[in-house]
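Report on the structure
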Amino acid sequence: MCPSENFDVVVVGGGSAGIAAAVSAAELGSHTLLLERGKFLGGNVAHAFVHTICGLYCAANEGHALVLNPGMPSRLASGLRAAGVAGEAERAGRVYVLPIEPPRYAAFLAELCERTPGLEVRTESELIKVEHTETSERRWALRVRNRECGVSGIAAGWLVDSSGDANAAALAGASVEAAAPEEIQLPSFIFRMGGVGRSECVGFAKLRLTHVVAGAVAHGDLPPGCESVLVRPGLEPDEVYVTLNMPRPIDIPYALLDEERLASLAARAREDAERIVEFLSRTRPAFEKSRISAWPERIGVRETRRVLGLREIRGDDVLSGRSDPDEIARSSWPVELWHDHRRAHFEYPEGACSIPLGSLVSRSHPYLGMAGRCLSASHQALGALRVIGTALATGEAIGVAAALAANAGSPLDAIAADDVRHHILERADREIAL
Ligand SMILES: Cc1cc2nc3c(=O)[nH]c(=O)nc-3n(C[C@H](O)[C@H](O)[C@H](O)COP(=O)(O)OP(=O)(O)OC[C@H]3O[C@@H](n4cnc5c(N)ncnc54)[C@H](O)[C@@H]3O)c2cc1C
């Protein structure tokens, strides 16, 4: 067993939110540990091949791709562009998105963490137990299962849950909530293909491809479950990412936190993906020489469980573009809900809304913060707030707040949003050049 160790801040989950939190806490002088259960950093990007950053820019009616949040989202977008990990910002109707190359995103983030003094990263390390005590300065006693070391003990003063699934909060017995299984957003299965001609994967041809696959299901050439497919060119010339939007299963209980159920959904999606690829290579000239070049490590899960915070962001806060004096970040993405696997339902906000610091601080445990997909928001609001640009901004804010709390020896609810904003702006010009 590895010996027990001490950290000021432990961040659980090495997705976009967790990396922003861990780098920010360490940049402000906290001795920080980032835990990731998977092989790579990057969360849904690395493990599920999400390949565009949404929520990074102001609405497209501002004229051009203007980064919404200063600090980590803006610093990272410039660093990714300069390193060739991201392409040019692309306009998609009323919004802009930034295309990225998933494996290179994961490698970029790993290097960023490695170059950050005071930050230690452990991959293949899953948080499995949390105990909380008021008597010691290191309030959190954590158990972590690492592939090489086995189970070890870690003590921490401040804990940040960026697990996407509120796993740390649930283990700690903090207040959490989740939408009902019949309401929760549907997952998708994204895989990569190589050897694909570009002609059918851009502009209207790309949309036609979606219709062709849906038509094949309608005519019985492909089985039901394959009807919702989106193809998007990767940054490499002959590479595409194919997103298979999965229907709500009717024959197995729908439990996206259950690893066995996820594995059976993944196996089913993989069979469907193989049928779609066979159909495309047989019927579409651009796919004649195509092959599947990579499967994802995991299914892409949009929504599971969230932590209940001091403040909960509601759907009308997002849609009315509500401002709040405790703002530490802003959100401009529409409410995008995948209740029907054939199409998302979009509702556009009147303007960018505030994300208050209280939505990143646990209501029941004041030394526990959260960011990204498990911040405190209603099901409807999460439809907008779950995207990567917002995960980076909320991750940075709670990382800064945790470092300020660690310096002062105080709970997170004693930190002022004004101080968090000040520290974000102070570091906003620092380049991330790798
Ligand atoms: C199919 C799909 C398509 C999407 N498309 C887009 C898009 O185009 N653009 C966009 O911006 N967003 C998109 N999203 C949303 C976006 O990917 C996520 O919401 C975003 O990744 C949130 O980042 P996060 O850091 O909060 O969580 P995640 O990326 O989910 O990262 C959480 C990490 O925590 C780790 N973890 C969990 N439990 C533990 C534990 N106990 N111990 C240690 N580690 C743990 C996980 O392994 C994971 O790596 C999409 C999502 C899906 C599913």
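Residues numbered from 1 in each chain as written. Predicted model: local features only at pLDDT ≥ 70, side-chain atom pairs only at ≥ 80, totals over all residues.

This part takes up the overall build of the chain. Secondary structure summary: the chain contains eleven helices and 20 strands in total. For 434 residues, the compact-globule estimate of 2.2 N^0.38 gives 22 Å, and the chain sits close to it at 21 Å. The C-alpha extent of the chain, read off along each of the three principal axes, is 65 × 50 × 40 Å. Residues classed as buried in the chain amount to 51% of the 434 residues present. Long-range pairs, those at least 24 residues apart, make up 74% of the contacts in the chain between residues at least 6 apart in sequence. (Helix = DSSP H or I, 4+ residues; strand = E, 2+ residues; numbered from the N terminus. Rg over C-alpha atoms; globule rule 2.2 N^0.38 Å. Buried ≥ 20, exposed ≤ 12 C-beta atoms within 10 Å, placed from the backbone. Contact = placed C-beta atoms within 7 Å.)

A few words now on the site of the ligand. Residues in close proximity to the ligand total 40 residues, the closest being G13, G15, G43, G300 and G372. Listing elements by their share of the shell around the ligand, those giving two or more residues are helix 1 (16-27), helix 2 (44-48), strand 3 (52-53), strand 7 (125-132), strand 11 (188-194) and helix 10 (388-408). Split by residue class, the shell around the ligand holds 14 nonpolar, 19 polar and seven charged. (Near = placed C-beta within 6 Å. Nonpolar A, V, L, I, M, F, W, Y, C, P; charged D, E, K, R; others polar.)

The next subject is the nonpolar core. Residues V9, V10, C113, A397, A401 and A402 are the most contacted members of the largest nonpolar core, which totals 143 residues. Structurally, this core is a two-domain feature, drawing no fewer than three residues from each of domain 1 (5-180 + 303-426) and domain 2 (188-294). For A397, the residues in contact, after removing those within four places along its chain, are I328, A329, L357, L360, V420 and I424. (Core = buried A, V, L, I, M, F, W, Y, C linked by C-beta atoms within 7 Å. Domains from an automatic or database assignment.)

For helix 3 (residues 72-82), every residue scored as buried is listed here: M72, P73, S74, R75, L76, A77 and L80. Elements that come into contact with the buried residues of helix 3 comprise helix 1, strand 5 (95-99), helix 4 (102-114) and helix 10. With its phi angle positive at about 75°, G84 sits one or two positions after the end of helix 3.

This brings us to unusual backbone geometry. You will see that F49, though not glycine, has its phi angle at about 65°, which is positive. Structurally, the position occupied by F49 is in the loop between helix 2 and strand 3. F49 sits in the buried class, given 24 other C-beta atoms within 10 Å. Of note, E124 is a non-glycine position whose phi angle comes to about 50°, a positive value.

As far as domains go, the chain holds domain 1 (5-180 + 303-426) and domain 2 (188-294). Using only C-alpha atoms to locate each centre, domain 1 and domain 2 end up separated by 29 Å. Counting from both sides, the interface comprises 13 residues of domain 1 and, opposite them, 14 residues of domain 2.

Moving on: the packing of helix 1 against helix 4. Viewed as axis vectors pointing N to C, helix 1 and helix 4 meet at an angle of 20°, and their least axial separation amounts to 10 Å. One finds that helix 1 runs roughly parallel with respect to helix 4. For the crossing formed where helix 1 meets helix 4, the hand is left-handed. Here I19, A22 and V23 of helix 1 come into contact with helix 4, specifically with L109, L112 and C113. Among the residues making up the contact of helix 1 with helix 4, the classes are represented as six nonpolar, no polar and no charged. (Axes fitted to C-alpha atoms, helices over the stretch in contact; angles between N-to-C directions. Parallel < 35°, antiparallel > 145°, perpendicular 65-115°, else oblique. Left-handed = near helix turned anticlockwise from the far one by under 90°.)

Another point: the packing of helix 10 against helix 11 (residues 417-426). Where helix 10 contacts helix 11, the axes come no closer than 9 Å and their chain directions differ by 110°. Taken as axis vectors, helix 10 and helix 11 run roughly perpendicular relative to one another. Both helix 10 and helix 11 take part in a crossing whose hand is right-handed. For the pair formed by helix 10 and helix 11, the contact residues are E396, A397, V400, A401 and L404 on the first element and D419, V420, H423 and I424 on the second. Across the contact of helix 10 with helix 11, the residue classes break down as six nonpolar, one polar and two charged.

The strand order 12-13-11-14 describes an open sheet built from four strands, whose pairing is antiparallel. Lying at the two open borders of the sheet, with one neighbouring strand each, are strand 12 (229-233) and strand 14 (291-294). This sheet shows a mean twist of 35° between the axes of neighbouring strands, independent of strand direction. On the sheet, helix 7 (residues 259-283) packs against strand 11, strand 12, strand 13 (240-245) and strand 14 and is oriented at approximately 40° with respect to strand 11. (Pairing = 2+ DSSP bridges.)

Tracing the backbone shows H47 in helix 2. Distance from H47 to I299, taken between C-alpha atoms, is 7.9 Å for residues 252 residues apart in sequence.

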